[in-house]
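# Structural features, examined
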Amino acid sequence: MKDKPVKIRTKTANVQVEKVSANVFEEHNGQSLEVGRSKAGGALSSTAGPKMLNSKPKKGLRKLFWPALFTFVAGAAAYESYLFIDSLFAFNTVLGVAATAVAGLAVISGGAGLIKGWLSRRKLRSRKEKQQAFGLLIEENTYGEGQQLIDEVNTEIGQYLDLSGPLSTYRGQKQQVHNDRELIQLYSQTVLEGLDSMALEAITKHATESAVMVALSPLAAADMALVAWRSSKMLQEVSRIYGCPQTTLGRIGLTKQVMTNMMLAGASDMLADAGTELLGKGLAATVSTKVAQGIGVGLLIARMGIQTMKLCRPVEFTDDNRPKLSYIRKSLYNRLTTLLKKSEPSKGATITKGEQDDRD
Amino acid sequence: MSEKSSLSRLVHKAEQLIERGIDKRVRIAVTGLSGAGKTAFITSFMNQLLHIADNDQLPFLRAAKEGRVLASKVSSYDELHIPEFKYRQSLDSIIGSTPSWPASTTGISQAQLNVRYIIKNEWLQKLQKQSHLTIDIIDYPGEWLLDLPLLRLSYKEWSVQCLQLLEQSHVAEDSDWREQSTKVIYQQPLADESIAELSLQYKDFIKEHFIQQQTYNLLQPGRFILPGELQGAPVLDFFPVLDIDILNSDWSALAEDSLIKTLEKRFNYYKQQIVQPFFKEYFEKVDRQILLVDCLEVLNGGYQNFRDMQFTLVELLKSFHYGQSNWLKRMFNPSIDKLLIAATKADHVPPEQHRALEGFLQNMLQEAKNDIQYEGIELETMAISAIKVTEAVIAEHQGQKLMCVKGIELDSGEEVINYPGRIQPQALSRDAWREHQYDFINFAIPTNLTNGILPHIRMDKVMQFLIGDKFR
């Protein structure tokens, strides 16, 4: 029988003993993992409810529209450029060579950009898979499988940040008896929470900057460009902090996801923030429409930033460490109102200051 | 000058008032049968808290992780008639030159800790930056806990229960007490000396039963085993009636001085004058409870042992007063709002099996758990070790890699690598129990423990659960 208890006296018997470390767990725990998985499948779990068979309705011919159009336009453009270059060659060889070189460069750099974007999108996808994997480990509370995943995340983040400080804290507090749930929690609170505050700082910086810019910019049309520019910069920075940096092309994918998430999560966020936001609007309205617009834009960017954090963080947020919009909002108001007070020490600004104090 | 000083006195008074308003007090009942590790737990709990400033081994105590817990000290408590918990003494026995587990408790004792922390709540922080939390911990012999279920029983019901338990457990029937008890005539009066003699035989009988079976279910009343200050008092001279005919008959017509009435009177006196005041005083004010269970002893013992322990613990949990405590209700009728059921000695189990150990414990207490959760109590189960004395290793045995624990065996004093068998987290039938063999051994405390912080398993999670929410 396999599971008989064994007692070995180290004095009398010569036994090979290994210290328990991350590597040993893997081979050792292979079978127990499978047992756990299969058991979880049989047990009543959250997946037991009914499910939609095909999440997306079939699109048929409509699905072909964009690829077909794209191929057609690209083909036409290639044909046209070929004709163009050909005609240039007929006119002058040097001119033709130069045009070919320029076109070639465009194609190569464009291709490289595409590949890079594709890679960064893949990184984002793998991040999502990691989130799910961590979630599964937390739910099943297994033993000895989390460390490998944590190491992977570490190397990813380590490419862009120096993690030696928090990692040594993590290693110091980690015990060999900790199961995966505890290990992941520990990692989340020693290492990732540091990243969270860094990301929040970056978001606050960008949000206030754009709020101030919008408040000061004279042109309404410039606001839109400003928002697009600052928000894309912010997405880049935040995603970099979490070790899955997004390039220009990849950011489109991220932006799309962030936007979808914001639409989905927006309702609940709004409910939670409604109280304070109403207060905020009252304040903003008293200042001026322009500043109000600035605050609105700042809040939008802050919200985008927080959604980006949610997408990029390897371990999902819990109730304890969920980033709060109120934190950013506060510094946003402070920055804007002090700016206003400095620029025009008039009656309106002093009122704002007073209200600000009341709110605190 | 005098105006100024009276003003400052006023300010000081206001500050005191605010401090008292913000201050918090939490009373923790450490419950568990004898041998579950209550004394070791309290010692470790106090040890961790007293070293809080330089203790980086509490990552899951959120307030400590945030650096908000500043320091703590042992303080004197209001209930001056209760002896103090001998923290120094039991710590010395753990870290001494010949380390030994702290001695089992023979009487009640109490400890009070004062923890100073930085307030997190924005609003409260405006009033005051720091506050302190007072933690009361009570230690008492586990045997006395067995009296709790008695409170719900009459003498007749208790006798019936004893009879049933005796029939179930197939103990040797030929004890002195059982023989003698059939001879007496319950309807007639009996001399006090004879009652005392019979009751002494009964005490011997349940002690022997305990030694033979290692189960607690018959160990009632608890003071029979550990009388404390009641040694020799007539209130402890009674025993159950096991005659089925007498149990089925009507007792109301019996004379006041008949044996049965005397026994009933003593039982009721014991219940009302000994047990009730004891629990009223020490447990009614409790707001957090931790129940320590030694699952390893149960696993070693097999199915009958498991069933007995299950019965005892479920009965015990029924007797506590649970209920959500909002502040208004608390003022008049305080009750426990958080219960932690912990499997102790988790360091004796290979870490990969901790989850199974938790599962086993949950399974054992399923019935009581359901009732308690219905009351809206926050309930959690954990596998913990107050003082960690082993190390997890992987040893190769007959071509198989097994995760074991390495430590010094208590009985032999030799270093041992132990694979205790695989714990089954799901409920098992009597037959299935037979297929699993367990050999959990007791480990001694190694000599390499320093004067500082005791090594532990999940004590930080225990603290977070029991007192974490108070550091607001």
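Bear in mind that the values here come from a model prediction, so they are computed numbers and not experimental data.

### Section: the overall build of chain A
Within chain A, the regular secondary structure consists of 11 helices and 2 strands. Listing the helices and strands of chain A from first to last along the sequence gives β-β-α-α-α-α-α-α-α-α-α-α-α. The burial tally for chain A puts 38% of its 360 residues in the buried class. Long-range pairs, those at least 24 residues apart, make up 75% of the contacts in chain A with a sequence separation of at least 6. As presented, chain A carries roughly 21300 Å² of accessible surface, and 63% of it is formed by carbon and sulfur atoms.

### Here we look at the overall build of chain B
When helices and strands are tallied, chain B shows 19 helices and 10 strands. Compactness check: chain B gives a C-alpha radius of gyration of 25 Å against a globular reference of 23 Å for 472 residues, within 12% of the reference. Projected onto the principal axes, the alpha-carbon positions of chain B cover approximately 85 × 75 × 45 Å. Every one of the 472 residues in chain B was classed for burial, and the buried ones make up 55%. The long-range share in chain B, meaning contacts at least 24 apart out of those at least 6 apart in sequence, stands at 77%. Each charge sign in chain B was given a centre, from 50 positive and 62 negative side chains, and these centres are 10 Å apart.

### A short note on the pairing of strand E6 (residues 338-343) of chain B
All names here are of chain B. Across the 6 residues of E6, 6 count as buried, placing the element largely inside the fold. Neither face of E6 is exposed, since Lys-338, Leu-340 and Ala-342 on one face and Leu-339, Ile-341 and Ala-343 on the opposite face are all buried. Across 6 bridges, the pairing between strand E5 (residues 288-293) and E6 is parallel. Directly across from Val-293, in E6, lies its bridge partner Ala-343. Strand direction decides the pairing type here: E6 and strand E7 (residues 378-383), joined by 6 bridges, are parallel.

### Looking at the interface of chain A and chain B
Taken together, the contact pairs 41 residues of chain A with 45 residues of chain B. For the pair chain A and chain B, the two sides together bury roughly 4200 Å², of which 48% comes from carbon and sulfur. Our enumeration of links across chain A and chain B arrives at 4 salt bridges. The closest approach of N and O atoms between Glu-193 of chain A and Arg-62 of chain B, which form a salt bridge, is 3.2 Å. Among the elements of the structure, strand E1 (6-9), strand E2 (17-19), helix H1 (22-42), helix H5 (164-173) and helix H6 (180-216) of chain A are those that each provide at least two residues to the side of chain A that touches chain B. Class assignment of the residues belonging to the side of chain A that touches chain B gives a composition of 12 nonpolar, 14 polar and 15 charged. In this structure, E1 of chain A lies alongside strand E10 (residues 415-419) of chain B, joined through 4 bridges in antiparallel fashion. What sits directly across from Ile-8 of chain A, in E10 of chain B, is Ile-417 of chain B.

### Thoughts on the domain arrangement of chain B
Here chain B is described as being made up of domain 1 (2-145 + 281-388 + 448-470), domain 2 (153-276) and domain 3 (391-435). For domain 1 of chain B versus domain 2 of chain B, the distance between C-alpha centres works out to 35 Å.

### Re the sheet that holds strand E2 (residues 69-75) of chain B
All names here are of chain B. Across the sheet, 7 strands lie side by side as E2-E3-E4-E1-E5-E6-E7; this open sheet has mixed pairing. For this open sheet the edge positions go to E2 and E7, each flanked by a neighbour on one side alone. Each adjacent strand pair in this sheet contributes to an overall mean axis angle of 20°, direction not counted. Each of strand E1 (24-32), strand E4 (130-139), E5, E6 and E7 is contacted by helix H19 (residues 459-467), which is oriented at about 170° to E7, the strand it contacts most.

### Quick word on a positive patch on the surface
Residues and elements named next belong to chain A. On the surface, a cluster of positive charge is made up of Arg-121, Arg-122, Arg-125 and Lys-256. No other element matches the 3 residues that helix H3 (residues 93-140) contributes to the positive patch. In this structure, Arg-122 sits in helix H3. Residue Arg-122 is classed as partly exposed on the basis of its relative accessible area, which comes to 46%.

### Comments concerning the packing of aromatic side chains
All names here are of chain B. Within the structure shown, the criterion is met by 22 aromatic pairs over all chains. With centroids separated by 5.8 Å and ring planes inclined at 35°, the aromatic side chains of Phe-41 and Phe-45 adopt a geometry described as tilted. With Phe-41 and Phe-45 both in helix H2 (residues 38-50), this residue pair falls 4 residues apart, about one helical turn. Here the two residues Phe-41 and Phe-45 agree in accessibility, since each one is buried. Aromatic side chains Tyr-155 and Trp-251 sit 5.9 Å apart centroid to centroid with 50° between the ring planes, which places their arrangement in the tilted category. In this pair, Tyr-155 is assigned in helix H7 (residues 155-169) and Trp-251 in the loop between helix H11 (244-248) and helix H12 (259-283), connecting sequence segments 96 residues apart. Since its relative accessible area comes to 5%, Trp-251 is described here as buried.

### What to know about a negative patch on the surface
Residue and element names in this part refer to chain B. Together, Asp-176, Glu-179, Asp-204 and Glu-208 give the surface a local cluster of negative charge. Elements that contribute at least two residues to the negative patch include exactly helix H8 (176-183) and helix H9 (192-213). Mapping Glu-208 onto the fold places it in helix H9. Judged by its relative accessible area of 49%, Glu-208 is partly exposed.

About the cut-offs
- Residues numbered from 1 in each chain as written.
- Chains lettered and ligands numbered in written order.
- Predicted model: local features only at pLDDT ≥ 70, side-chain atom pairs only at ≥ 80, totals over all residues.
- Heavy atoms only, no water.
- Helix = DSSP H or I, 4+ residues; strand = E, 2+ residues; numbered from the N terminus.
- Buried < 20%, exposed > 50% of the residue type's maximum accessible area, 1.4 Å probe, protein only.
- Contact = heavy atoms within 4.5 Å.
- Areas by Shrake-Rupley, 256 points an atom, 1.4 Å probe, with all protein chains shown as cover.
- Rg over C-alpha atoms; globule rule 2.2 N^0.38 Å.
- Lys, Arg positive; Asp, Glu negative; His and termini not counted.
- Charge placed at Lys NZ, Arg CZ, Asp CG, Glu CD.
- Pairing = 2+ DSSP bridges.
- Buried area = accessible area lost by both parts, 1.4 Å probe.
- Salt bridge = Lys/Arg side-chain N within 4 Å of Asp/Glu carboxyl O.
- Nonpolar A, V, L, I, M, F, W, Y, C, P; charged D, E, K, R; others polar.
- Domains from an automatic or database assignment.
- Axes fitted to C-alpha atoms, helices over the stretch in contact; angles between N-to-C directions.
- Patch = residues over 30% accessible without salt bridge, like charges linked within 9 Å, V, L, I, M, F, W, Y side chains within 5 Å.
- Phe/Tyr/Trp six-rings, centres within 6.5 Å; stacked < 30°, edge-to-face > 60°.

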